[in-house]
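Structure assessment
Letter by letter, the chains look like this.
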Amino acid sequence: MKIAQVAPLYESVPPRCYGGTERIVSFLTEELVAQGYDVTLFASGDSLTRARHIAPCPRALRLESSIDMMAHHILLLEKVFGMSEEFDIVHFHIDYLHYPLTRRQRIANLTTLHGRLDIPDLVPLYREFREMPVVSISDSQRLPLPEANWQRTVHHGIPENLYRFHGEPGQYLAFLGRISPEKRVDRAIEIARECGIPLKIAAKVDRVDQEYFNAAIRPLLSDPLVEYLGEIDDREKEPFLGNALALLFPIDWPEPFGLVMIESLACGTPVIAYRRGSVPEVLEEGMTGFMVHDQAEALAAVRKVESLSRRRCREVFEQRFSASRMVGEYLGIYREQIHAVNAQRAAPALRRFYEEGEIHDGDRQERRTE
């Protein structure tokens, strides 16, 4: 099977620091290669992969100061569709950008939707492109678009050997990800203050959130219990998560998945999360963490989180969130899509075969009656 993976160009694959979509594309690509599949990765030129690599731009677009990002994605599409006949299936991770072109080429394709879908503008778009086969990363993610052509929900997975298990709980709470209004790092700071437990924050600030960070979050960082580390890379992530008492995930939006939750479980660290979006699909209440509705419940969860088995957190990660499990599910969908497209291609030829057969049979019947 020849497979194309098409990544967004904002971050490299894998990303140097923050970047959930590109990280999953990397895990998926490398596991497919390890299993012997012929994979071509379309990604920025600073990406690292064992797959064949096609680079529409020299480096991740986020590293450029003044740039027309859409121009590079149009070039990406041109490269993909110029080579599309080489692949058995093309797996897109760039949202709906390719839909008009894909509709006009009969190729086996799949799109994993990585972002939030509770946006009114998406409703008419998916009504128009209702034939596009799509995958959700959680069941909750797909709720705003029930009429989309959902093939399956495939939860994210990461390599089992990426993070080591840490059996002893640490003395601080951790917040990892992105500083933005919906991620609610301010809630994490309040929880730490109320509990009197140090909080370490490892988080990215996007340009669009810089004003929010300066106005709402920076003043809170002067608290002696709070340590702001900025963005961290994969090498720093394991000790950061593994040595924590718990990961705080106090979101205030319909989180599509929340990769950091399974990264934390891989290290053996339980998660305290607000019950929004995908959280109930990822966490097991009282087993791998606690799901809360408000500050009071969050404080109570911190006080009892040390009672949870860190070994059990790791076991659940291995059972439910490995990269090999994720790849196995995607391979099943690939085969279904390839079979469906092959059947569509064969249908006109079969119709012609039967029509011609009927004509020939009719000719023979006429000759017999003459």
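Residues numbered from 1 in each chain as written. Predicted model: local features only at pLDDT ≥ 70, side-chain atom pairs only at ≥ 80, totals over all residues. Heavy atoms only, no water.

Some remarks on the overall build of the protein chain
Secondary structure summary: the protein chain contains 12 helices and 13 strands in total. Its C-alpha atoms give the protein chain principal-axis dimensions of roughly 105 × 45 × 40 Å. Relative to its 370 residues, the protein chain shows a buried fraction of 52%. Put simply, the protein chain shows about 16,800 Å² of open surface, and 50% of that area lies on carbon and sulfur atoms. Placing the 45 positive and 55 negative side-chain charges of the protein chain at their respective mean positions leaves the two points 1 Å apart. (Helix = DSSP H or I, 4+ residues; strand = E, 2+ residues; numbered from the N terminus. Buried < 20%, exposed > 50% of the residue type's maximum accessible area, 1.4 Å probe, protein only. Areas by Shrake-Rupley, 256 points an atom, 1.4 Å probe, with all protein chains shown as cover. Lys, Arg positive; Asp, Glu negative; His and termini not counted. Charge placed at Lys NZ, Arg CZ, Asp CG, Glu CD.)

Side note on the sheet that holds strand β1 (residues 2-6)
With parallel pairing, 7 strands are arranged side by side in an open sheet as β3-β2-β1-β4-β5-β6-β7. The open sheet terminates on both sides in strands that have one partner only, identified here as β3 (52-54) and β7 (149-153). Here the strands of the sheet are splayed against their neighbours by 25 degrees on average, with no regard to which way each runs. Pairing of strand β6 (residues 133-136) with β7, which is carried by 4 bridges, proceeds in the parallel orientation. Looking across to β7, one finds that Val 135 is bridged to Arg 152. (Pairing = 2+ DSSP bridges. Axes fitted to C-alpha atoms, helices over the stretch in contact; angles between N-to-C directions.)

Quick notes on the pattern of salt bridges
Counted according to the given criterion, the structure contains 28 salt bridges. Across the pair Glu 11 and Arg 62 runs a salt bridge whose closest N-O atoms are separated by 2.3 Å. A residue pair is termed long-range when its members are at least 10 positions apart, and Glu 11 in the loop between β1 and α1 (20-34) and Arg 62 in the loop between β3 and α2 (69-82) qualify at 51 residues. Residue classification places Glu 11 among the buried positions, given a relative accessible area of 9%. Exposure remark for Arg 62: the relative accessible area of 29% places this residue in the partly exposed category. (Salt bridge = Lys/Arg side-chain N within 4 Å of Asp/Glu carboxyl O.)

Topic: the environment of Glu 30
Tracing the backbone shows Glu 30 in helix α1. Between the C-alpha atoms of Glu 30 and Leu 41, which are 11 residues apart in sequence, the distance is 9.9 Å. If sequence neighbours within four positions are ignored, Glu 30 has contacts with Leu 48, Thr 49 and Arg 50. (Contact = heavy atoms within 4.5 Å.)

A few points about the pairing of strand β9 (residues 199-204)
Counted residue by residue, β9 has 5 buried out of 6 residues, so it is predominantly covered. One ladder, built from 6 bridges, connects strand β8 (residues 173-178) with β9; its direction is parallel. Residue pairing across strands places Leu 176 opposite Ala 202, the latter belonging to β9. Crossover connection from β8 via helix α5 (residues 185-195) to parallel β9: handedness right-handed. Both β9 and strand β10 (residues 226-228) contribute to a ladder of 3 bridges, which runs parallel. (Right-handed = clockwise from strand over helix to strand, strands pointing away.)

Comments concerning helix α11 (residues 310-320)
Taken together, the buried positions of α11 are occupied by Arg 310, Cys 313, Arg 314, Val 316 and Phe 317. Buried residues of α11, viewed axially, fall in a sector of 160 degrees; they line one side. In this fold, the buried residues of α11 make contact with α7 (234-242) and α8 (259-267). N-capping of α11 is provided by Ser 309, with a side-chain oxygen placed 3.4 Å from the backbone N of Arg 311. (Arc of directions from axis to C-beta. Polar contact = N/O pair within 3.5 Å; in protein donor to acceptor, adjacent residues only side chain to side chain.)

Looking at the nonpolar core
The biggest cluster of nonpolar side chains holds 87 residues, and the ones touching the most others in it are Leu 173, Leu 199, Ile 201, Leu 283, Tyr 330 and Tyr 334. No other element matches helix α12 (residues 323-369), which puts 8 residues into this core. Here Leu 199 is in contact with Leu 173, Ala 174, Phe 175, Ala 188, Ile 189, Ala 192, Leu 225, Val 226, Glu 227 and Leu 248, once residues within four sequence places are set aside. (Core = buried A, V, L, I, M, F, W, Y, C linked by side-chain atoms within 4.5 Å.)

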